[in-house]
Amino acid sequence: MRFLRFEENEPEAHVSGFLSDWSIRKKLLVILIPAVVGMLVVTGIASHLVFTHYFSIALERNAIVLTLAQAHEIETLLTSCRDELSILATQSLDKNSLRDFLKSRDMVHGGRYLEVVFAGVDPGEQIYLLCNKGVIADIPVDVAALMKNSPLIIPKRAGELAPGDVLPTGPIDLFFPPTVSVPGLGNLSMSVFRFVTPVAREDGTLRGYLVLSLDAHAVRNILSLFTSTRSPLHGFPRAAESRYSFFFDDKGWILFQSENVEAADKELSVDMARAGLTGDQGRTGFETGFRPSAQHGDYWAILEDVRQNRSGLGRPATDLFNAKSAASEQFLGYAPVCFAVSRGSPPEVVGGIIYVDRSLLPRAAEFGQFNVMFGIAVASMLTVSLLIFFLSRIITQPILRLAREVTAMHGEGGLRRLELPGDDLETSVLKRAINDLMSSLAAKDQEIRRKEEYLRTVQSRETVRLDPSESTASRVGNILGTSPAITTLLSIIHKTAAADADVLVIGETGTGKELAAEAIHRQSARAGKPFISINCGALDENLLMDALFGHVKGAFSEAKSDRKGAFLAADGGTLHLDEIGNASPKVQQALLRALSVRRIRPVGSDDELEFDARVIAATNVNLKEKVQRGEFREDLFYRLQVLTIETPPLRERMEDIPVLAGHFLRQAAGFTGKGELRVSRGALEKLMRHDWPGNVRELKNCLTRSVALAEREVIFAEDVRFGDETPRLLPDDVEEGAASTRFSVAGGDEGEKARAWPALPEATLPKGKKAGDAPAGSGPAGKPAGEDGLNPRQRRALAGLARKSSISRQDYQRAAGPDVPPRTAQHDLKELVDKGMLRKSGRGPSTRYHPVPGAI
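Since the structure is predicted, the reported quantities are computational estimates derived from the model, not experimental observations. (Residues numbered from 1 in each chain as written. Predicted model: local features only at pLDDT ≥ 70, side-chain atom pairs only at ≥ 80, totals over all residues. Heavy atoms only, no water.)

## Concerning the overall build of the protein chain
Working step 1: Each helix and strand in the protein chain was counted, giving 23 helices and 29 strands.
Working step 2: Relative to its full complement of 856 residues, the protein chain shows a buried share of 43%.
Working step 3: Taking contacts inside the protein chain between residues at least 6 apart in sequence as the whole, the part at least 24 apart equals 66%. (Helix = DSSP H or I, 4+ residues; strand = E, 2+ residues; numbered from the N terminus. Buried < 20%, exposed > 50% of the residue type's maximum accessible area, 1.4 Å probe, protein only. Contact = heavy atoms within 4.5 Å.)

## Side note on the pattern of salt bridges
Working step 1: Counted according to the given criterion, the structure contains 31 salt bridges.
Working step 2: Among the ionic pairs, Asp635 bridges to Arg633, the shortest N-O distance being 3.0 Å.
Working step 3: Its relative accessible area of 35% is what places Asp635 among the partly exposed residues.
Working step 4: A residue is classified by how much of its surface remains accessible, and Arg633, at 30% relative accessible area, is partly exposed.
Working step 5: Taken together, the shared-partner salt bridges in this structure form one network comprising Arg593, Arg599, Arg601 and Glu608. (Salt bridge = Lys/Arg side-chain N within 4 Å of Asp/Glu carboxyl O.)

## Re the sheet that holds strand β25 (residues 714–715)
Working step 1: Read from one edge of the open sheet, three strands run β14-β24-β25, paired in mixed fashion. At either margin of the open sheet sits one strand with a lone partner, and together these are β14 (463–464) and β25.
Working step 2: Both strand β24 (residues 678–680) and β25 contribute to a ladder of two bridges, which runs parallel. Across the sheet, the residue bridging to Arg678 is Val714, located in β25. (Pairing = 2+ DSSP bridges.)

## A word on the packing of aromatic side chains
Working step 1: Overall, the coordinates contain 12 aromatic pairs when judged by the stated rule.
Working step 2: Each ring, one from Phe247 and one from Phe256, has its centre 5.5 Å from the other, and the planes form 10°; the classification is stacked.
Working step 3: According to the relative accessible area criterion, Phe247 is buried, its value standing at 3%.
Working step 4: Here the aromatic residues Phe246, Phe248, Tyr299 and Trp300 are joined through ring pairs into a cluster of three or more.
Working step 5: For Arg82, the ring lying beneath its charged end belongs to Phe339, and the centroid distance is 5.6 Å. (Phe/Tyr/Trp six-rings, centres within 6.5 Å; stacked < 30°, edge-to-face > 60°. Lys NZ or Arg CZ within 6 Å of the ring centre and 35° of its normal.)

## Remarks on the pairing of strand β17 (residues 503–506)
Working step 1: One ladder, built from four bridges, connects β17 with strand β22 (residues 614–619); its direction is parallel. For Val505, the partnering residue across the bridge sits in β22 and is Ala618.
Working step 2: Bridge count between β17 and strand β23 (residues 643–646): four bridges; the pairing is parallel. Its bridge partner lying in β23, Val505 is registered against Ile645.

## As for the confidence of the model for the protein chain
Working step 1: The share of residues in the protein chain with pLDDT of 70 or more is 82%, and the mean pLDDT across the chain is 79.
Working step 2: Here residues 1–16 is modelled with pLDDT under 50, and outside its nearest four sequence neighbours on either side it reaches 22 contacts, counting other chains as well.
Working step 3: Every residue in residues 728–786 is under pLDDT 50, and counting partners more than four places away or in other chains gives 109 contacts. (pLDDT = per-residue confidence, 0-100.)

## Focus: a nonpolar patch on the surface
Working step 1: Among the surface-exposed residues, Val36, Val37, Val41, Ile45, Leu49 and Met381 lie close enough to one another that they form a single nonpolar patch of about 470 Å² accessible area.
Working step 2: Among the elements that line the nonpolar patch, the one with the most residues is helix α2 (residues 34–89), at five residues.
Working step 3: The residue Ile45 is located in helix α2 in this model. (Patch = residues over 30% accessible without salt bridge, like charges linked within 9 Å, V, L, I, M, F, W, Y side chains within 5 Å. Areas by Shrake-Rupley, 256 points an atom, 1.4 Å probe, with all protein chains shown as cover.)

## Overview of the sheet that holds β22
Working step 1: The five strands are arranged β18-β19-β22-β17-β23 in an open sheet whose pairing can be described as parallel. Both outer strands of the open sheet, β18 (531–535) and β23, are each paired with one neighbouring strand and no more. Going from strand to strand, the sheet's axes swing by 20° on average, the running direction of each strand aside. (Axes fitted to C-alpha atoms, helices over the stretch in contact; angles between N-to-C directions.)

## So, the packing of helix α21 (residues 792–801) against helix α22 (residues 809–816)
Working step 1: Contact geometry of α21 with α22 gives a least axis separation of 8 Å together with a crossing angle of 110°. One element, α21, and the other, α22, form an angle in the roughly perpendicular class. Remark: the crossing between α21 and α22 carries right-handed chirality. Residue-level contacts link Arg793, Gln794, Arg796, Ala797 and Leu801 of α21 to Asp811, Tyr812, Ala815 and Ala816 of α22.
Working step 2: Classifying every residue of the contact of α21 with α22 gives five nonpolar, one polar and three charged. (Parallel < 35°, antiparallel > 145°, perpendicular 65-115°, else oblique. Left-handed = near helix turned anticlockwise from the far one by under 90°. Nonpolar A, V, L, I, M, F, W, Y, C, P; charged D, E, K, R; others polar.)

## Considering the nonpolar core
Working step 1: One finds Ile74, Leu98, Phe195, Leu210, Leu214 and Phe247 to be the most contacted residues of the largest nonpolar core, which totals 47 residues.
Working step 2: Per element, the largest residue contribution to this core is 12 residues, and it comes from α2.
Working step 3: Discounting chain neighbours no more than four positions away, the residues touching Ile74 are Val219, Ile222, Leu223, Phe247, Val337 and Ile353.
Working step 4: Grouped together as the second largest cluster of nonpolar side chains are 32 residues, Leu504, Val587, Leu591 and Val627 included. (Core = buried A, V, L, I, M, F, W, Y, C linked by side-chain atoms within 4.5 Å.)

## Looking at helix α17 (residues 657–672)
Helical periodicity: at 3.6 residues per turn, an α-helix aligns residues three or four positions apart in one direction.
Working step 1: Spanning 16 residues, α17 covers 21 Å between terminal C-alpha atoms, matching the ideal 22 Å at 1.5 Å per step.
Working step 2: Of the positions making up α17, those classed as buried are Ile657, Val659, Leu660, Ala661, Gly662, His663, Phe664, Leu665, Ala668 and Ala669.
Working step 3: Immediately downstream of α17, the backbone of Gly673 shows phi near 70°, a positive value. (Expected span 1.5 Å × (residues − 1).)

## Observations regarding the environment of Leu78
Working step 1: Position of Leu78 relative to the elements: it lies in helix α2.
Working step 2: Look at Leu78 and you get buried, because its relative accessible area is 6%.
Working step 3: Put simply, Leu78 and Val219 are 141 residues apart on the chain and 8.9 Å apart in space, counted from C-alpha to C-alpha.
Working step 4: If we ignore the near neighbours within four places in the chain, the residues touching Leu78 are Phe195, Leu214, Val337, Phe339 and Val350.

## A look at helix α10 (residues 484–498)
Working step 1: Between the first and last C-alpha of α10 there are 22 Å, a value that for 15 residues agrees with the 21 Å anticipated at 1.5 Å per step.
Working step 2: What α10 keeps buried is the set Ile486, Leu489, Leu490, Ile493, Thr496 and Ala497. Along the axis of α10, the buried residues cluster in a sector spanning 130°; they form a single face. Residues of α10 that are exposed and angled more than 90 degrees away from the buried face: Pro484, His494, Lys495 and Ala498. (Arc of directions from axis to C-beta.)

## Quick look at the environment of Pro123
Working step 1: Note on placement: Pro123 falls in the loop between β1 (113–120) and β2 (127–132).
Working step 2: Through-space distance from the C-alpha of Pro123 to that of Val141 is 8.8 Å; in sequence the pair is 18 residues apart.

## Structural notes on the environment of Ser150
Working step 1: If you trace the backbone, Ser150 turns up in the loop between α4 (141–144) and β4 (167–175).
Working step 2: Of the residues examined, Ser150 reaches a relative accessible area of 4% and is grouped as buried.
Working step 3: Considered as a pair, Ser150 and Phe175 are 25 residues apart in the sequence and their alpha carbons are 8.8 Å apart.
Working step 4: Each residue touching Ser150, except ones within four places of it in the same chain, is listed here: Ala144, Ala145 and Arg194.
Working step 5: A polar contact of 2.8 Å, which involves the side chain of Ser150, links it to the backbone oxygen of Ala144. (Polar contact = N/O pair within 3.5 Å; in protein donor to acceptor, adjacent residues only side chain to side chain.)

## A word on the pairing of strand β8 (residues 254–257)
Working step 1: With three bridges joining them, strand β7 (residues 243–249) and β8 adopt antiparallel strand pairing. Residue pairing in the sheet places Phe248 in a bridge with Ile254 of β8.
Working step 2: What sits between β7 and β8 in their antiparallel hairpin is a turn of four residues, with Gly252 showing a positive phi close to 95°.

## Here we look at the side chain of Gln813
Working step 1: With respect to the element layout, Gln813 can be found in helix α22.
Working step 2: There is a polar contact of 2.7 Å between the side chain of Gln813 and the side chain of Arg809.
Working step 3: Each residue touching Gln813, except ones within four places of it in the same chain, is listed here: Val820, Pro821, Pro822 and Ala825.

Here is the structure:
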């Protein structure tokens, strides 16, 4: 296929229309007016910034006013409790007067006070009255003593109070033990603020302390009221957005939060307040309390301001109270709650209020503003969009036609010149550039593919030099290698051999554990003595016991004579116990005793015999895991693990493969009688890419199999097969690497091709072939043998593809049968084209083959 190029002086096609000579950029500049959209954006942003600034100021002021109002209301409640307690302290303190007080306050305040207690210095004067839902109970002193946080236990600070002073404490939890039930009230659990004042006798001595308990729900309900729609400061209609307050003491403990105003009796909680915070749960005497950890610096900064009797606003971006996850802007106000212990003294800070307003009003206002701006923008953009819609068809139609033509050319599987009329300047320039680019790419791609295929074939079939001898490699016994892993192993073996102690060799199957044991023996002082190896996994329990410890004549029916056993046979030398992890519990117990006392008792003998043998155990399993599962004795494991050697797997010493391959090739060549063999670069790369689950043993078997099946003096990649991989024979005994370059095209039409082996090194060709020879199985003209000139694979493929009008190499591979290599399929298709049965079109990945009518 030839590519035609545009010449610079080629006349341009006629272009009609008043917009023909305009560029796309010029058309867009003339039609669109981006200034309209820009002005809308700038106006919207400016108005939004001004609006949100002043709106945020208003909400911040609203937040601080609500916070101060809640703090003031709580201070008023606490002051009222102090005044009523002071008045009560001046009256006669007996049960009737205290009961009348509770009844009157219950009628006025609706159960605000839960306890009135007089803790007299004289135990006979102690009184405890409890009020719950209008029911007043006289609690015996002995029962009150059993309560948690009993009111009869007066705080130490109360001893510093003067008559008329009131000390606030709490909130605290109070409840009776489960075994105590108050008549008429049952088992109660309450949370209260307690107010304590001293009561003096007429002579000025201390008579006792009067305690008044305020229901903590009364304080909590103040917060709930101010954060609800029924708030006294509910100045404007608001949506039901998330607003809440919570009360904390001067130590930083969050005590309770506001709830739904309708749920006045709901239990105290801090769930919303602690959301997103970490810290301590449960204050002493009050389980609901929560104190944030020190990492929440904003909270502790607010607490410090409150301690200094300062109120203020938190930043909207504060990390407190789950602000980061809130969908709206957060406004936070805080204020102290003060209480005057003495009427003449300044108020002290006893706690504080934090009010959190996740207001939706800024969002609602923003949405309203955005709706207006959005309407204006939509109207403007709709007009512009209509212009773009109608004009884009005129502007982009030439480019779209060009794109469709390129897509169609890609589907055809080949490159060709684009023949389209020039619609405008940009399309004409683009079309000319595409045609030039396709011509250049087609030529370069063809040349690169030809060179890469040839280089890949030549390089993969070059022979590589393996180490001619093991002189350059580290070696101890039959352990060979140059890697750091094998060098470290040999060093450990040398050091272990010098120490006459038992050894445990661990490693995967095929890593040379027995070779390591033999190397230790040969380098030790016992090298001249026997080396006995017993496979503990190959014998059953009785045979293994007999093989290890021997027997005496007559020990059992078949014992015709004495047998030493492996321990005595290895006396003075080394006993290798392979697969020690498979030994039965009975064998493990016997081995443990033998290794402990260095004496054995043959089967049937009453005498113990001493032995002097070094024991080297080997295993390919994890003995620690077997010990944990109870499958191997722990004491035997530590008895064997005096010295431990781990043989590295082959995947961790891949640099040793060339040395090992050379060694195993010489061994295999020796017992197969094939003489010296060489390895191609492709074969060595294939060996280096394998993960070798069977380690060195698998490598040895693989090379032995390759030597046995090789028909040349060079082992190629196709000769190397792993495991159950079956050989794939190429047609006419042609090497797969050479099949793709079997024919070389010197030029001219496709009918003039020279059939010859490529100019490769003769070592890479089949036996008896030279460069330029015709392929095996061909006649004088290179035609394949057979009545129809086709091999079975070609006949099978053509039978399945005869009805197709176009086939690819992949189609031929699937029809020819399983495991047909790509290069073999390429060779078959080339022959079918030469025979005139197929017609080839396209180049490279776009190559297609079309059946010639009447030829198949």
